[in-house]
Amino acid sequence: MHPTPAPAATATPAPAEPLRRVRARYTEATVTVYQAYAPALGVPAARDGRFPAAWKRERMTWIKPSFLWMMYRCGWGAKADQETVLAIEIERAGFDRALESACLSHYDSAVHADRGAWKQQLRNAPVRVQWDPERDLRLTALPYRSLQLGLSGEASRQYADEWTVGITEVTPLAHEIHALMRSGETAAAAALLPQERPYPAPEGTPGLGRVS
């Protein structure tokens, strides 16, 4: 009589990503976000570790904790006026305050009493939250979303002059990863990606835990 074979081991499936999540490189004190600029702005910012006077603090600026979403937005640093890709390390305290004071960039009937209430909140909020599809290494949209944070007014000024603790140009990294992808070396490209992990966003961050 032959013994009954043991059932084959099955791998535990990876937990599904929530529809919305902040993913980022971060430490106890800082979080890294990405932006891309023309060399006239980006090069001096990386050289000096701060935004130059020519950086317009009165305009809304959008920051992205997702490296690959930034690559989608700037075309791996190939799009006009986005040739210089920056990794900006900012204070977590400022980032969290921005999330807490933010308004969704789109109307949500489950959050806002009506469109008028949403528009009023949008006018008064210095920060906007937008959730966009995360991207893979081929820059294809994934079925879950990552954060974009729009800073205006005082929040924009604080970002540039108070929260920022370091600026590093990562254009060469973007180009290297893109070149590896073009040559079919996906594993090597993936190994170079910045290591992002779920960020403990403060309670009240607009859109977290909701289905769009």
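Quantities reported herein were computed from a predicted structural model and do not represent experimental measurements.

1. Section: the nonpolar core
- By size, the foremost hydrophobic cluster in this structure holds 30 residues, and its most contacted members are F51, I90, F95, L149, L151 and Y159.
- The residues touching F51, leaving out its near neighbours within four places in the chain, are Q35, Y37, A45, R57, I88, Y159, A160, T164 and I167.
- Residues A36, F67, C74 and A174 belong to the second largest nonpolar core, which totals 19 residues.

2. Examining the pairing of strand 2 (residues 30–37)
- With eight of eight residues buried, strand 2 is to be regarded as a mostly interior element.
- Here strand 2 shows two buried faces, one formed by T30, T32, Y34 and A36 and the other by V31, V33, Q35 and Y37.
- Bridge count between strand 2 and strand 4 (residues 84–91): eight bridges; the pairing is antiparallel. Paired with Q35 across the two strands is L86, which belongs to strand 4.

3. Topic: the packing of aromatic side chains
- Under the criterion given, the structure shown has eight aromatic pairs.
- Ring plane angle 70 degrees and centroid distance 6.2 Å describe the contact between Y37 and F51, whose orientation is recorded as edge-to-face. With Y37 in strand 2 and F51 in the loop between helix 1 (39–48) and strand 3 (61–63), the pair connects residues that are 14 residues apart, well separated along the chain.
- The class of F51 is buried, set by a relative accessible area of 3%.
- Ring geometry for F51 against Y159: centres 5.5 Å apart, planes inclined by 45 degrees, an arrangement best described as tilted. Of the two residues, F51 is situated in the loop between helix 1 and strand 3 and Y159 in helix 5 (residues 153–163); the sequence distance between them amounts to 108 residues.

4. A word on the pattern of salt bridges
- The tally for this structure, following the rule as stated, stands at six salt bridges.
- In this structure, the salt-bridge partner of R21 is E17, at a minimum N-O distance of 3.3 Å.
- Across the pair D48 and R47 runs a salt bridge whose closest N-O atoms are separated by 3.0 Å.
- With a relative accessible area of 38%, D48 lands in the partly exposed category.

5. Brief notes about the sheet that holds strand 6 (residues 127–135)
- An order of 3-7-6-5 is seen for the four strands of this open sheet, with the pairing classed as mixed. A strand with exactly one partner marks an edge of an open sheet, and here the two such strands are strand 3 and strand 5 (102–104). Averaged over all pairs of adjacent strands, the angle between their axes in this sheet comes to 40 degrees, without regard to strand direction.
- As judged from the three bridges shared by strand 3 and strand 7 (residues 141–151), these two strands associate in the antiparallel manner. Bridge pairing in strand 7 places I63 opposite L149.
- Here helix 2 (residues 67–74) sits on the sheet in contact with strand 6 and strand 7, set at roughly 90 degrees to strand 6.
- The strands touched by helix 4 (residues 115–124) within the sheet are strand 5 and strand 6, with strand 5 carrying the most contacts at an inclination of about 145 degrees.

What counts as what
Residue positions within a chain follow its written sequence, with the count starting from 1. In view of the model being predicted, local features appear only for residues whose pLDDT reaches at least 70, and side-chain atom pairs are presented and counted only at 80 or more, with totals across whole chains, interfaces and linings using the full set of residues. Each side-chain value is worked out from all heavy atoms of the structure, with water and hydrogens disregarded. Nine residue types can take part in a nonpolar core, namely buried Ala, Val, Leu, Ile, Met, Phe, Trp, Tyr and Cys, and a core is a set of them joined through side-chain atoms within 4.5 Å. Each residue gets one of three labels from its accessible area relative to the maximum for its type: buried under 20%, exposed over 50%, partly exposed in between, using a 1.4 Å probe on protein chains only. Contacts: residue pairs with any heavy atoms within 4.5 Å of one another. Elements are defined by DSSP. Helices are runs of H or I of four residues or more, strands are runs of E of two residues or more, and each kind is numbered from the N terminus. Strand pairing is assigned whenever DSSP detects at least two bridges linking the two strands. A pair of aromatic rings is counted whenever rings of Phe, Tyr or Trp (Trp by its six-membered ring) have centres within 6.5 Å, and the orientation is called stacked for planes under 30 degrees apart, edge-to-face for over 60 and tilted otherwise. Salt bridge criterion: a side-chain nitrogen from Lys or Arg within 4 Å of a carboxyl oxygen from Asp or Glu. Think of each axis as a best-fit line through the C-alpha atoms, taken over the contacting stretch in the case of a helix, with angles from 0 to 180 degrees between the N-to-C directions.

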